[in-house]
Each structure stands twice: as structure tokens, then as C-alpha cells.
Amino acid sequence: MRLVHLSDLHLGYRQYQRLTPGGVNQREVDVAKTFRTAIDRVIAIEPDVVIVAGDVFHSVRPTNQAILHAFLQFSRLVRALPNTDVILIAGDHDTPRSAETGGILQLFSQIGLHVVDRDARRLSFPARDLSVLCVPGVSGIAIPSLTPDATSRFNVLAWHGNIPGMLPERLERSDPAAISITREELVAGRWDYVAMGHYHVYREVAPRMYYAGSIDYTSLDTWGELKEERAGKLSGKGFIERNLETGEHTFHELPPARPVVDLDPLQVGGMPAADVDAAIRKLVDKCAGGIDDKIVRLVVRDMTRSLARELDHKAIRDYKRRALAFNLDLRPPDIHPGRSVSGAPGKRPSLNEIVREKLMTRELTPGVDRDVLIEKAVGYLDEAQLTAVAPVMTEV
């Protein structure tokens, strides 16, 4: 009994305000390409069951293009694997706030997918001797007794949500889950496998219990995810293949549609502007394959306002032109070493970090896209740091 577990597709995700020649946001196209690659890999594996553990779309009102792409790819999966059961559960990004507002996921039941998008439901597959208890990431739903079906040989729990105390605090604040289940409740169930969604980094929570992670970088915390992946010795995103009989477990890595690169941080305390420019240029030139069309960040620490004025802004604008996104994260000297602005031990957060965190948790006017708002706010701050404090410069 072989199972494939994907999660957090976030189709329709948009960022960086870069468009393709056809007028579509480039990151939306990137994520669609990654999903198409994932479907290719799943078809090649030929599993008995596929579980998508929530957040199929990035918003409850995805674009027509995102809906069409999802429909075509899931249809391709069903045609290629007619004997495979495909289960789709809703995540918080898929679920409208109002119960009267219908969601889009039921569309996929028309092509044979098993869709669970409102209430928790147990699906039975007698021919496979399999039971799957599905708990979608819907706020306010009644969470059923987390007990396996004693009449089935194989029991799987599929759900989208948070385990209290497991996720980084910044994620719990910025993207709170609709539901939470404790580790103790999960372990007590004695499941053959627990397929989880919501957390974007692949992680084993306990034996037989996993977050598959997202298939691409589609959260507000790209750089935090990269750091966690490095700490876990992961090379990136992917999905899980699990044999429920033997326990054989494989994490299938997906090649990124677009490289995401965090350059080595630069400490510039006491350096003259010319040396800083040279150091930045050296790090950019050292980037394997160059920075062109990639998503790149360079953290520069101990950057004073006066030093920022003297940087080679023409070169910086060229880096921004070449990359899909070039985030030169200028961080001022820590005025109070060893203390953050909140008084807790640690580094002083940059203005970008403070604004990003505030906007992650602030209640927004209905219809305002949080991702777009944060991107624009941080983009304006970047421009302010790089140009507003600098003297007027003329392009040569």
C-alpha cells in the first residue's frame, strides 16, 4: 500500500510584481510549473493513494488561470492513474470565512477526487482495507475523536493545522492555523501514517507523522524556511512517498522552478564605502550561476545612514534589474548590543523585520491582499534606504 503525501501547493501565489511577456505574475507561473513537475513525478511513482493535505490555492478566490491549471493537472493525474484514489482536503487558505460562501474545491469532485472541505469526515476504501480520517483546516469545525477504524487494516489521519509549540513563534503569529491538535493526541491514535499540512518545511513530528512541506517558496517567510531547511540538511521542497506495509519512506525533492539564494551576510562596521561596494560585488559574482532571474537576498549588517549614502547605487539598481528579486537588507548598528527592541536577548530587528511582523498580524480591510501589502511596504522601505537617504544620482 503506497501513499503519496503532498501539501501546501498555493496555486495562484503572486509576488515581486514581475510579469511574463503574457502579462501573468512570474511567481504564479513558477509555482504552476513546480506543481506540473510534481504531478509528473507522482504519475511516475504510480501510488495507490494520493493525499493533498490542504492549501491547494493561495487564496479563497483564486484567479481563473490558477483554477484552470489545477483542473488540468488533477485531470491529467486521474487519467494517468485511474486506479489511484486522490484525496483533497481544504486548508485555511482554501476556506472562505463565511459558511454561506462556497469554496472552489468541490469542483474537483467532478473529476473523481475525494474532496473534504467543510467538516471532518472519514473516508473508507474497502478494496484497499484502508480508512482515512480527514480533518480540513476550517476554523470552528468539530474535531472528531482521533481514533483509527478498527475494521480497517490501514488507518491514516490527514489534516491541515498546527501542533502547539512545534512551529516557530513567528509563524504561529503571522499565519495562524485554523485548528490545532497536540502531539499527545496524535501519538495516542496509533495511526499507520499521519499526513499533515500548513507548515512549509518537511519535518518528522513523531514516528509515522510528517509535514510534507510546501512544494515551492510561497510563504511570507522564505528566508526563515531556507534557514530551517539548512538546519535540517534539506536541499529544498518536495513531497513524501510512504509504504504503509513496510514503513519505507522517501522524500522526493522537487527542483525549484526558480532558485532562491541567501548570500553570505556581510558585516561592514568601519569599512569605507568603496570596500563595501567591492564586498557586495564579490558576493554577487560568487553566486553560482549568477544572480540573473533568481530570488536573492543579501543581509548587510552595521550599515549606517551615512555609509548607505555613499554606496554605488547604480550597481545596486543593476543587481535589482538582473535578479527577479534582489533584496539588499541593510541593517543598522545594534545600539544596545545583546538586547532586542522588546528587551529580550538577541539581535536588534531591522526596520523591515519590524514592519513585516506588524503587517503579518494586523487585521486588514476585507479584500486587501496581505502578501501584496507586505511586499509593497518592504519594497518602499528598501527604496527609502537605498535612495531617499542618498544624494540625487544621475544615470550615466
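Report follows, based on the coordinates. (Residues numbered from 1 in each chain as written. Predicted model: local features only at pLDDT ≥ 70, side-chain atom pairs only at ≥ 80, totals over all residues. Heavy atoms only, no water.)

1. Concerning the overall build of the protein
Part 1 of the reasoning: Scanning the protein for helices and strands turns up ten helices and 16 strands.
Part 2 of the reasoning: Across the 396 residues of the protein, 53% fall into the buried class.
Part 3 of the reasoning: Within the protein, contacts between residues separated by at least 24 positions form 68% of all contacts whose residues are at least 6 apart in sequence.
Part 4 of the reasoning: Summing over all exposed atoms, the protein offers an accessible surface of approximately 18500 Å²; the carbon and sulfur share of this is 52%. (Helix = DSSP H or I, 4+ residues; strand = E, 2+ residues; numbered from the N terminus. Buried < 20%, exposed > 50% of the residue type's maximum accessible area, 1.4 Å probe, protein only. Contact = heavy atoms within 4.5 Å. Areas by Shrake-Rupley, 256 points an atom, 1.4 Å probe, with all protein chains shown as cover.)

2. Thoughts on the sheet that holds strand 2 (residues 49-53)
Part 1 of the reasoning: Strand order in this open sheet of six strands is 4-3-2-1-11-12, and the pairing throughout is mixed. The open sheet is flanked by strand 4 (114-116) and strand 12 (249-253), the only strands paired with a single partner. Sheet twist, expressed as the mean angle between neighbouring strand axes with direction ignored, is 20 degrees.
Part 2 of the reasoning: Both strand 1 (residues 2-6) and strand 11 (residues 238-243) contribute to a ladder of four bridges, which runs antiparallel. Its bridge partner being in strand 11, L3 is matched across the sheet by R242. (Pairing = 2+ DSSP bridges. Axes fitted to C-alpha atoms, helices over the stretch in contact; angles between N-to-C directions.)

3. Quick look at the pattern of salt bridges
Part 1 of the reasoning: Scanning the entire structure with this criterion turns up 17 salt bridges.
Part 2 of the reasoning: The shortest N-O distance in the salt bridge between D30 and R27 comes to 3.1 Å. Taken together, the positions of D30 and R27, both in helix 1 (residues 26-45) and three residues apart, correspond to about one turn of that helix.
Part 3 of the reasoning: With relative accessibility at 4%, the residue D30 sits in the buried group.
Part 4 of the reasoning: In this structure, R321 and D318 form a salt bridge, with 2.4 Å as the shortest nitrogen-oxygen distance. Remark: D318 and R321 occur in helix 8 (residues 313-322); sequence separation between them is three residues, near one turn of the helix.
Part 5 of the reasoning: For D318, a relative accessible area of 28% translates into the label partly exposed.
Part 6 of the reasoning: Where salt bridges share partners, they join R27, D30, D216 and R258 into one cluster. (Salt bridge = Lys/Arg side-chain N within 4 Å of Asp/Glu carboxyl O.)

4. A word on the pairing of strand 16 (residues 325-331)
Part 1 of the reasoning: Most of strand 16 sits out of view: seven of its seven residues are buried.
Part 2 of the reasoning: Side chains of strand 16 alternate between two faces, with A325, N327, D329 and R331 and F326, L328 and L330 buried alike.
Part 3 of the reasoning: Pairing between strand 15 (residues 295-301) and strand 16: seven bridges, direction parallel. Of the residues in strand 16, the one forming a bridge with I295 is A325.

5. Some remarks on unusual backbone geometry
Part 1 of the reasoning: Positive phi outside glycine occurs at H10, with the angle close to 55 degrees.
Part 2 of the reasoning: Given the relative accessible area of 1%, H10 is considered buried.
Part 3 of the reasoning: We note that D302 has phi near 65 degrees; this positive angle belongs to a residue other than glycine.
Part 4 of the reasoning: Along the polypeptide, D302 turns up in the loop between strand 15 and helix 7 (305-310).

6. Observations regarding the packing of aromatic side chains
Part 1 of the reasoning: For the structure shown, the criterion picks out nine aromatic pairs.
Part 2 of the reasoning: A ring pair is formed by Y202 and F251, whose centres lie 4.1 Å apart and whose planes are at 20 degrees; its orientation type is stacked. Taken together, the positions of Y202 in the loop between strand 8 (193-197) and strand 9 (203-206) and F251 in strand 12 put the pair 49 residues apart, joining distant regions of the chain.
Part 3 of the reasoning: Given the relative accessible area of 17%, F251 is considered buried.
Part 4 of the reasoning: Linked through ring pairs, F35, F57, F71, F74 and F108 together constitute an aromatic cluster. (Phe/Tyr/Trp six-rings, centres within 6.5 Å; stacked < 30°, edge-to-face > 60°.)

7. What to know about the packing of helix 1 against helix 2 (residues 64-80)
Part 1 of the reasoning: Remark: helix 1 packs on helix 2, axes separated minimally by 10 Å, with the N-to-C direction vectors making an angle of 10 degrees. Classified by the interaxial angle, the pair formed by helix 1 and helix 2 is roughly parallel. Contacts between helix 1 and helix 2 pair E28, A32, F35, R36, I39, D40, V42 and I43 from the former with Q65, A66, H69, A70, Q73, F74, R76, L77 and A80 from the latter.
Part 2 of the reasoning: Class assignment of the residues belonging to the contact of helix 1 with helix 2 gives a composition of ten nonpolar, three polar and four charged. (Parallel < 35°, antiparallel > 145°, perpendicular 65-115°, else oblique. Nonpolar A, V, L, I, M, F, W, Y, C, P; charged D, E, K, R; others polar.)

8. Quick word on helix 1
Part 1 of the reasoning: The first and last C-alpha atoms of helix 1 sit 29 Å apart over 20 residues, in line with the 28 Å expected at 1.5 Å per residue.
Part 2 of the reasoning: The backbone nitrogen of R27 has a side-chain oxygen 3.0 Å away, supplied by the residue at the start of helix 1, namely N25.
Part 3 of the reasoning: In the segment just after helix 1, E46 is the residue with positive phi, at about 55 degrees. (Expected span 1.5 Å × (residues − 1). Polar contact = N/O pair within 3.5 Å; in protein donor to acceptor, adjacent residues only side chain to side chain.)

9. Section: helix 8
Part 1 of the reasoning: Among the residues making up helix 8, those that are buried are H313, I316, Y319 and K320. When helix 8 is viewed along its axis, its buried side chains cluster within an angular range of 110 degrees and face the same direction. (Arc of directions from axis to C-beta.)

10. Focus: the environment of V49
Part 1 of the reasoning: Secondary-structure assignment places V49 in strand 2.
Part 2 of the reasoning: V49 gets classed as buried once you look at its relative accessible area, which sits at 1%.
Part 3 of the reasoning: Placed 44 residues apart in sequence, V49 and H5 show a C-alpha to C-alpha distance of 8.6 Å.
Part 4 of the reasoning: Apart from residues no more than four positions distant in its own chain, V49 is found in contact with M1, R2, L3, V4, T84, D85, I87, R128 and L130.

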